[in-house]
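Single-letter residue listing:
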Amino acid sequence: MVCFRLTPVPGLELVLLCLVLGAARSYALELNLTNSEKATCLYAKWQMNFTIQYETTNKTNKTVTISDLGSVTYNGSSCGDDHNGPKIAVQFRSGFSWIVNFTKKAPNYFIDSILFSYNTSDNTAFPDAKDKGIVTVGDSVAVRIPLNDIFRCNSLLTYENDDVVQHYWSILVQAFVQNGTVSRKEFLCEEDKSSTTVAPIIHTTVPSPTTTPTPKEKPEVGNYSVSKGNSTCLLATMGLQLNITQDKVASVININPNTTGFTGSCQPKTAQLRLNNSVIKYLDFVFAVKNENRFYLKEVNASIDLANGSVFSIANTSLSYWDAPLGSSYMCNKEQTVSVSGTFQINTFGLRVQPFNVKEGVYSTAQDCSADDDNFLVPIAVGAALAGVLILVLLAYFIGLKRHHAGYEQF
C-alpha cells in the first residue's frame, strides 16, 4: 500500500490518500475527501482501466490497454459549493486525466458525467501514433442514487466512446455525505442486482513454495454467456481450476459454475467475460481481434480472497491463447493451462469459447486445439522423413564405395 498526502484545495482539506497496489498492474483507488471542518464530504473506492485504439504512422490501427496508472495525483478534486457539484479529478502518466462529476436533485444525487483525456504524444503508451496531442472523450452516465446511500457495483461497467472503451468495477462511492459519516446503506447497480447469490468455495491450501496441489476431482464444466441488447454476443463453456501461489503458500480453487455469477461486455474489437462469487471478486477473460480475421485470449485479470484472509490480485494484458478465426469457436476437450504469471495458472477442462460473431445464440464451427498439435507434428514428421532419406542415401553410397574398392583389389 502506497500512501501520500495531496496538496490541499483552498477551503478544503484532503485526508491521507492511499493507493493500494495489487500484483502485476492491478490497481484500486481510494479517496476520502474532507471539507474545511475535516468532515468527510465524498468517499470513493474503485478500479478502472482503458482500452484505446489509435492510428499509426503506417496507417494501421493499434490497440493499447492502460491499466498501469503509474504515479497518480488528485489535483482539482473538490466537495463542491453553491455553484458547482462535487468532483473527483485524477491525473496519471504523461498527460492523462480522468474526471467524474456529481450533481444533486432531491431526493437523489447523480454520477453525472465522466471525462477522460489521454495524450498520444506519449510515445511509451502510443508508439508510432500518427496524430499527436491531447484527446478527450466524455460520457453522460446519469447514474441515480438516493441521497444518503452509498453506491456499490462489483460488476463490470463498460462505456464506449469513439476509440475508447472504459472499464470500471469494484466501485464504492458516495457524494454529498451527510454529517461527515459515510452511509452503510448500499444502493446496488443493476448488474449486481442480477448477479447470482453464491456460496463459498472450498480451498485446498498446502505449505509448498514451489508445487501446486491438485484436487483429485476435476472442476465441473459450466456454461457462460454475455448478451448485448437482445442477442447473445459471447459464449463460453469450460471447467476452471485456479492455481495460486502467494507468500510461499499454494492454493487450488475449483470453480463451481452453479454458485458463480457472470457478466461481461462485447465491443467490435474486444469482448470480456467476468466471473464472480463469494471468494472471487472478479475473474476477467478479455478477448481481442487481431489481423482483422482472428480472435484470441489477450488478457486475464483477477482478484481472489484466499483462505488465510489475504487477497490475491493480478493482471496480464499480453497473453496469447485460444487463437481461432473470426466466425468460428475455439474448442479444447483436453486439459489446458493458461499461464497468467509464475504465481497464477488456470487449468481448463472441456473448453469452448466464441467471443465474437455469435449467431442465434449457438456456437459456430469449432477449431480444435488438436489442430495445434497437428501443426506441431507436421514439421517433425517431415524432418524424420528427410532424415530417413539421408540415411538411405549414405548407406547406398558406402555400399557402392565398398563394392568399387573390392573390384580394384580383385583386378
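Here is a short report on the structure shown in this document. Quick caveat: nothing in here was measured; it's all calculated off a predicted structure.

**Some remarks on the sheet that holds strand E9 (residues 96–105)**
- If you trace the five strands from one edge of the open sheet to the other, you get E7-E8-E9-E10-E11, paired in antiparallel fashion. Two strands lie at the open edges of the sheet, namely strand E7 (72–73) and strand E11 (134–146), each paired on one side alone.
- Two strands pair when backbone bridges link them, and strand E8 (residues 87–92) and E9 are joined in this way by six bridges, in the antiparallel orientation. For Val 90, the partnering residue across the bridge sits in E9 and is Trp 98.

**Considerations on the environment of Tyr 296**
- Looking at where Tyr 296 falls in the secondary structure, it is placed in strand E23 (residues 294–305).
- Since its relative accessible area comes to 14%, Tyr 296 is described here as buried.
- Counting along the chain gives 28 residues from Tyr 296 to Ala 324, while the straight-line C-alpha distance between them is 6.6 Å.
- Residue contacts for Tyr 296: discarding those within four places in its chain leaves Val 286, Phe 287, Ala 288, Lys 290, Leu 319, Ser 320, Tyr 321, Trp 322 and Asp 323.

**As for the state of the cysteines**
- Following the criterion strictly, the structure yields four disulfides and no others.
- Between Cys 153 and Cys 189 runs a disulfide, and the two sulfur atoms are separated by 2.1 Å. The disulfide joining Cys 153 to Cys 189 has a torsion of about 70° about its S-S bond and is therefore right-handed. Pair noted here: Cys 153 is in strand E12 (residues 150–153) and Cys 189 is in the loop between strand E15 (186–188) and helix H1 (190–193), with a separation of 36 residues, a long-range link. Each member of the pair, Cys 153 as well as Cys 189, carries the same accessibility label: buried.
- Between the sulfur atoms of Cys 332 and its disulfide mate Cys 369 the distance is 2.1 Å. Disulfide Cys 332-Cys 369: torsion about the S-S bond near 70°, hence right-handed. Placement of Cys 332 in strand E26 (residues 329–332) and of Cys 369 in the loop between strand E29 (366–368) and helix H2 (370–410) is noted, with a sequence separation of 37 residues between them. Cys 369 matches Cys 332 in its accessibility class, with the two residues each being buried.
- Here the cysteine-cysteine linkages of the protein are recorded as 1-2, 3-4, 5-6, 7-8, numbering only bonded cysteines and doing so in sequence order.

Scoring rules and cut-offs
Residues numbered from 1 in each chain as written. Predicted model: local features only at pLDDT ≥ 70, side-chain atom pairs only at ≥ 80, totals over all residues. Heavy atoms only, no water. Pairing = 2+ DSSP bridges. Helix = DSSP H or I, 4+ residues; strand = E, 2+ residues; numbered from the N terminus. Buried < 20%, exposed > 50% of the residue type's maximum accessible area, 1.4 Å probe, protein only. Contact = heavy atoms within 4.5 Å. Disulfide = S-S within 2.5 Å.

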